[in-house]
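Residue-level structural notes
Each chain, letter by letter, is given below.
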Amino acid sequence: MHITVADMVIEKFKQSGRNVTVTRDYQVTRDDIADKSLVVCLGGDGTFLKTASTIPTSRIPVLGVNTDPTRSVGHLCSRKIPFKTREEETDRMLKYLDRENFEFFYRQRLCLG
């Protein structure tokens with residue numbers, strides 16, 4: 001179910017005319033993200049944390065989307081897209097983005113070397 005929802009979200013973003021690049025979370029590098037205006041993280045909290053840790057600046061927002069809320073709580077994810085309502089929820093999310101109907105939550109990170 002998670003993959004089905006993620007694939008549908010990706011396809012809807014592409015159909016909306018946005019420039020979309022898809023990279024698996026374990027393959028994301030800082031260079032992949034450096035010039036993006038938004039990073040959409042499809043998965044759960046673990047995927048969100050892994051992706052957010054590769055973003056070199058706080059100027060690039062990350063939209064966490066929980067693609068399987070029946071198996072994962074997704075505390076860090078702003079959106080939850082259940083399998084049964086995936087079409088409606090994805091359309092609603094895209095409308096919010098188009099209207100800039102969202103709010104930013106700044107999170108702190110501590111990098112240790």
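Summary of the structure given here. Nothing here was measured: the structure is a model prediction, and the numbers come from that model.

A look at the packing of aromatic side chains
Inspection of the entire model under this criterion finds zero aromatic pairs. One Lys or Arg, Arg86, reaches over the ring of Phe83 and ends 4.0 Å from the middle of that ring.

Overview of the environment of Gln27
Mapped onto the fold, Gln27 is located in the loop between helix H1 (2-15) and helix H2 (30-33). Expressed as a C-alpha distance, the spacing of Gln27 and Thr51, which sit 24 residues apart in the sequence, is 9.6 Å.

Considering helix H3 (residues 45-52)
All of the buried residues along H3 are Asp45, Thr47, Phe48, Thr51 and Ala52. Axial view of H3: buried residues confined to an arc of 160 degrees, hence all on one face. Elements in contact with the buried residues of H3: H2, strand E1 (39-43) and strand E2 (62-66).

Definitions and cut-offs
Residues numbered from 1 in each chain as written. Predicted model: local features only at pLDDT ≥ 70, side-chain atom pairs only at ≥ 80, totals over all residues. Heavy atoms only, no water. Phe/Tyr/Trp six-rings, centres within 6.5 Å; stacked < 30°, edge-to-face > 60°. Lys NZ or Arg CZ within 6 Å of the ring centre and 35° of its normal. Helix = DSSP H or I, 4+ residues; strand = E, 2+ residues; numbered from the N terminus. Buried < 20%, exposed > 50% of the residue type's maximum accessible area, 1.4 Å probe, protein only. Arc of directions from axis to C-beta. Contact = heavy atoms within 4.5 Å.

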